[in-house]
Amino acid sequence: MRGLVRFFCSTIVGGAVLLVVANCAIIDEEQCLQGDWHYIGYADGERGFMPNARIREIGEECSTYGVVPEDDLYREGHQLGLRWYCRPGNGYLLGEEGKEINDLCPSDLRPAFVQNYLSGLTLNMNNMSYKVLEYSTALELVSRHYNQLLASEELNEKDLEEASNRITYATWWLAYYQFLLSNTEAKISRWSMSLN
């Protein structure tokens, strides 16, 4: 998992790879040695992390410093942090951003959290639908322009190349927003069924 985290923390800038491992570590040496497991659990719960996987990752990281996390304190803090994460308003924001969520909320908070998540996802879906329509229209227009250039008596290679680049651009963004839309629709379906 650490390798995967480091992979995602890599940023390609102008052909060079900038590795930002320090800011992407799950936990640093100071936190391991300090051992405020209740606070660390709270912070992870607040962000909706899965406790079993997270404490395992923390344990792997801290083992390099000879430290073993206190599971009970971590889990106690995690449960308290979940009460913050599972607020209805947070559910709405996560849905609006199209974020994936974990089914972790306590039973007294889950229904309102999921309902608001679905409301946010619906707004996200509407935004993605608009983007799909926008890029579909753009692709149609630029394709028509490209065909007109091809049929023109005075074929200009520069204009043709520019139109071709615009087709590629519109095609890429259309596919991207279609993917996001499909993904959001699947989330809405999955989470709607979970409420029944």
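Quick notes on the rules
Residues numbered from 1 in each chain as written. Predicted model: local features only at pLDDT ≥ 70, side-chain atom pairs only at ≥ 80, totals over all residues. Heavy atoms only, no water. Salt bridge = Lys/Arg side-chain N within 4 Å of Asp/Glu carboxyl O. Disulfide = S-S within 2.5 Å. Helix = DSSP H or I, 4+ residues; strand = E, 2+ residues; numbered from the N terminus. Buried < 20%, exposed > 50% of the residue type's maximum accessible area, 1.4 Å probe, protein only. Contact = heavy atoms within 4.5 Å. Polar contact = N/O pair within 3.5 Å; in protein donor to acceptor, adjacent residues only side chain to side chain. Axes fitted to C-alpha atoms, helices over the stretch in contact; angles between N-to-C directions. Parallel < 35°, antiparallel > 145°, perpendicular 65-115°, else oblique. Left-handed = near helix turned anticlockwise from the far one by under 90°. Nonpolar A, V, L, I, M, F, W, Y, C, P; charged D, E, K, R; others polar. Phe/Tyr/Trp six-rings, centres within 6.5 Å; stacked < 30°, edge-to-face > 60°. Lys NZ or Arg CZ within 6 Å of the ring centre and 35° of its normal.

Draft legend 1. Layout of the pattern of salt bridges. According to the stated counting rule, one finds 11 salt bridges in the structure shown. A single network of salt bridges, built from pairs that share partners, joins Asp44, Arg47, Arg54 and Glu57.

Draft legend 2. Representation of the state of the cysteines within the structure. Per the stated rule, a full pass over the model turns up two disulfides. Between Cys86 and Cys105 runs a disulfide, and the two sulfur atoms are separated by 2.1 Å. Judged by the sign of its S-S torsion, about -95 degrees, the cystine formed by Cys86 and Cys105 is left-handed. Of this pair, Cys86 sits in the loop between helix 5 (71-85) and helix 6 (88-96) while Cys105 sits in the loop between helix 6 and helix 7 (110-151); the two residues are 19 residues apart in sequence, bridging distant segments of the chain. Both residues of the pair, Cys86 and Cys105, count as buried.

Draft legend 3. Just the environment of Lys99, in detail. Along the polypeptide, Lys99 turns up in the loop between helix 6 and helix 7. Apart from residues no more than four positions distant in its own chain, Lys99 is found in contact with Leu94, Tyr117 and Lys187. Separated by 3.1 Å, the side chains of Lys99 and Glu97 make a polar contact.

Draft legend 4. Examining the packing of helix 7 against helix 8 (residues 157-194) more closely. With their axes 7 Å apart at the nearest point, helix 7 and helix 8 run at an angle of 160 degrees to one another. For the element pair helix 7 / helix 8, the angle class is roughly antiparallel. In terms of crossing hand, the pair formed by helix 7 and helix 8 is left-handed. For the contact of helix 7 with helix 8, the residue count by class is 25 nonpolar, 12 polar and six charged.

Draft legend 5. Region of interest: the packing of aromatic side chains. By the definition in use, this model includes 10 aromatic pairs. Here the aromatic rings of Tyr135 and Tyr177 are separated by 5.8 Å at their centres, their planes lie at 15 degrees, and the arrangement is stacked. Highlighted residues: Tyr135 in helix 7 and Tyr177 in helix 8, separated in sequence by 42 residues. Take Tyr135: its relative accessible area is 13%, and that puts it in the buried class. Site record: aromatic cluster; members linked through ring pairs are Tyr135, Tyr169, Trp172, Trp173, Tyr176 and Tyr177. Positioned above the aromatic ring of Phe49 is the side chain of Arg54, whose terminal nitrogen or guanidinium carbon lies 3.9 Å from the ring centre.

Draft legend 6. Expanded view of the environment of Leu104. Summarising the element assignment, Leu104 is placed in the loop between helix 6 and helix 7. For Leu104, a relative accessible area of 17% gives the class buried. In this structure, the C-alpha to C-alpha distance between Leu104 and Phe49, residues 55 residues apart in sequence, is 8.6 Å. Once residues within four sequence positions are removed from consideration, Leu104 is found in contact with Gly48, Phe49, Met50, Pro51 and Leu82.

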